[in-house]
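Fold and geometry: a report
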Amino acid sequence: MKVVALPEYCLGCGLCEIYCAAEHDGWNGNVLKAFKKGKPVNRSKLMGSPQWSWLNTCMHCNDAPCVNGCISGAMQRDSDGTVFVDAERCVGCFSCVMLCPYGHVRPCYEKHQVVKCDLCREKNSIPACVANCPNGALQLMSEEVNPL
Amino acid sequence: MRYVVIGSCIAAMGAVEGIRSIAQKGSITIIDGEQRGPYTRPLISYFLARPYKFKDISYRSPEFLAANGVEVIKAMAGHINRISQQVVLDNGQTVPYDRLLIAAGGSPVIPAIEGVEAPWVKTFYTLADAESLHALLAEGQNAVIIGSGLIGMKAAEALWQRGLKVNIIEKEAHILPRIMSPDSAAIISTLLNGAGIKLRCNEELTAIRSDHQIEFASGLCLHADLLILALGTRPRTELAAECGLKVNKGIVVDNYLRTNDENIFAAGDVIESKNVLTGENEIMALLPQAHKEGYLAGCNMAGHNLADAGGIFQNSVNIMDSSICSAGSLINAKSETLIWQQDDKYLELFLNGSYLSKYIAINLPEVTGPLTNTIEKQVMIAPDGWQEFIAAPSLSTIPSAYWHKIGGIPRANTWNH
Ligand SMILES: Cc1cc2nc3c(=O)[nH]c(=O)nc-3n(C[C@H](O)[C@H](O)[C@H](O)COP(=O)(O)OP(=O)(O)OC[C@H]3O[C@@H](n4cnc5c(N)ncnc54)[C@H](O)[C@@H]3O)c2cc1C
């Protein structure tokens, strides 16, 4: 599974980033609390220019270069095929950042780690970005991706 | 089917994953000569810097081995008998195989000079090396590191973090000579000097004296409480050569990671890999490459025919809180270079017409994923695309030809903002 961005519907409003951030690091989707009490970190990032925008999310590639190239074993694939990073093991070497063809895996300098989309795997329902996109610009799809 | 793997680190774990992606049946036996389980070599510097935080640097867990039905034998393989298809261990035990993988890695280069045996002279390659340094070092000591490649730099950083006085000696004209350009190396040199780490380039080690004096060709003489030899690594090909497998600088394999014996495969630092940019076989000694080769070899041992396209040099490393990413090779001395610099960030691109052949990025990891892939997949991008990118490098300014090539993502928006 992966979230696919449809730039033709994207308004660039950024709600995806906000709900993504609030879904992680134990904030449980509580936007008010997350942004009042902490500095929540979004996994997927809105990209674009004044002319267009799209959410840069993880393709959860089949032969994922980030999983293959992880020097610590932190970057893994779960039994559903979702690629996620085990924060306990990530040492922040950024090898995965250097290897991600989509530029999706990002450094998080405060934590000395990387962050990426995990399809909100701990939430057990559709990813927060998809659920909260007001214009249907994000869709959950099952099509497989092989990088290039 | 009996799958046997010599070596138990990165390529070996890739092979277990490859074999089990295809065959649930068949036994997998790993011969672990180092007897430390599947750990990750790059993390030995993390261990040395913070031994209490990085006590466990395993690459795959015991549960992983159990779940994949892997039997581990803690012994060195001493000989391969290709006729009887057996590995003979140092303890005399024999291990029969149907398919064998040699994933024996490399070993550090030790110069042929007197004094290298002294207990205060060390290499930095194994967890045991890091543990013995941990036991030996004391704050305030003088450490001299010979070689400023990645291993030397990570050793230097760890010893500096432990409070030693650190000197780095390089034979070439600047540090990290295989990765950096003179300009980019100067940025890192300034950073190291600022932290009190002393660098000396154009110096070649000639003698190690028993009174802890180290001599160099120029006449320079330094005192060292600890001396680290980080002069590079070479593949451990003895086992393969001795049983008649084809060996050049590393074990020679075909595109399917097969040696000249159809039942024996090899992967990781022990082989020569194809550099896709030059088309030449080279020793690449990189963890992502070792894992990928191990994985493909495993699939092929289990009966598939997956070709390895080769790889490119690529590295991401943090030194003194600065990120250094680099990928590719200088395939043409006349490459055009484009440089961008702002505050502590630096990006240098090496172009061959419409192709990117190498980049060096300091404190700018976020743009490097697409750049690495542009090089590895040789994506054609018109030079003016690079000119626009280098004016303000970011993910959003990556030339759109790249995004089109990798499929789909941003098309022009029909909405007017
Ligand atoms: C300090 C350091 C930092 C590094 N940092 C990076 C980095 O940041 N990025 C990167 O890409 N790469 C890095 N590397 C390189 C990376 O560690 C190697 O590319 C990788 O470990 C290769 O994996 P391998 O499985 O081929 O070999 P190895 O990891 O070397 O494993 C081979 C194993 O086989 C064993 N063996 C050898 N002969 C026998 C025998 N006869 N019988 C039984 N067992 C045997 C060895 O003892 C060893 O345990 C670093 C290396 C070092 C030393």
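A few points about the overall build of chain A
- The helix and strand inventory of chain A stands at 5 helices and 8 strands.
- Scanning chain A from its N terminus toward the C terminus, one meets helices and strands in the order β-α-α-β-β-α-β-β-α-β-β-α-β.
- Expected size for 148 residues packed as a compact globule is a radius of gyration near 15 Å; at 15 Å, chain A falls within 12% of this value.
- A separation of at least 24 residues holds for 55% of the contacts in chain A among residues at least 6 apart in sequence.
- Counting every atom, chain A has about 6600 Å² of accessible surface; 49% of that belongs to carbon and sulfur.
- Of the charged side chains in chain A, 14 are positive and 14 negative, and the gap between their average positions amounts to 8 Å.

A few points about the overall build of chain B
- Helix and strand counts for chain B stand at 11 helices and 25 strands.
- On C-alpha atoms alone, chain B measures out to a radius of gyration of 23 Å, which is about the 22 Å that the 2.2 N^0.38 rule sets for 417 residues.
- The principal-axis extent of the C-alpha atoms belonging to chain B is close to 70 × 65 × 40 Å.
- Burial analysis of chain B (417 residues in total) assigns 55% to the buried set.
- Nonlocal contacts in chain B, meaning residues at least 24 apart in sequence, comprise 62% of its contacts between residues at least 6 apart.
- Accessible surface, chain B: about 17500 Å² in total, of which carbon and sulfur atoms supply 50%.
- Of the charged side chains in chain B, 34 are positive and 42 negative; the average position of the first set lies 4 Å away from that of the second.

Looking at the environment of Ser273(B)
Residues and elements named next belong to chain B.
- Within the element layout of this structure, Ser-273 appears in strand 19 (residues 273-274).
- Judged by its relative accessible area of 4%, Ser-273 falls in the buried class.
- Each C-alpha atom, one on Ser-273 and one on Asp-254, is 9.5 Å from the other, the two residues being 19 residues apart in sequence.

Notes on the site of the ligand
All names here are of chain B.
- The immediate surroundings of the ligand are formed by 31 residues, with Ala-11, Glu-34, Ala-77, Asp-269 and Leu-287 found nearest.
- Contact between the ligand and Asp-269: an oxygen atom at 2.9 Å from a main-chain N or O atom of the residue.
- When the free accessible area of the ligand is taken as 990 Å², the share hidden by the protein chains comes to 94%.
- When contributions to the shell around the ligand are tallied by element, the ones reaching two or more residues are helix 1 (10-22) and helix 8 (287-301).
- Residue contributions to the shell around the ligand peak at 3 residues, all from helix 8.
- Looking at the shell around the ligand, its residues break down into 21 nonpolar, 6 polar and 4 charged.
- There are two domains that each give the shell around the ligand at least three residues, and those are domain 1 (2-107 + 233-301) and domain 2 (121-229).

Calculation rules
Residues numbered from 1 in each chain as written. Chains lettered and ligands numbered in written order. Predicted model: local features only at pLDDT ≥ 70, side-chain atom pairs only at ≥ 80, totals over all residues. Heavy atoms only, no water. Helix = DSSP H or I, 4+ residues; strand = E, 2+ residues; numbered from the N terminus. Rg over C-alpha atoms; globule rule 2.2 N^0.38 Å. Contact = heavy atoms within 4.5 Å. Areas by Shrake-Rupley, 256 points an atom, 1.4 Å probe, with all protein chains shown as cover. Lys, Arg positive; Asp, Glu negative; His and termini not counted. Charge placed at Lys NZ, Arg CZ, Asp CG, Glu CD. Buried < 20%, exposed > 50% of the residue type's maximum accessible area, 1.4 Å probe, protein only. Near = heavy atom within 4 Å. Polar contact = N/O pair within 3.5 Å; in protein donor to acceptor, adjacent residues only side chain to side chain. Nonpolar A, V, L, I, M, F, W, Y, C, P; charged D, E, K, R; others polar. Domains from an automatic or database assignment.

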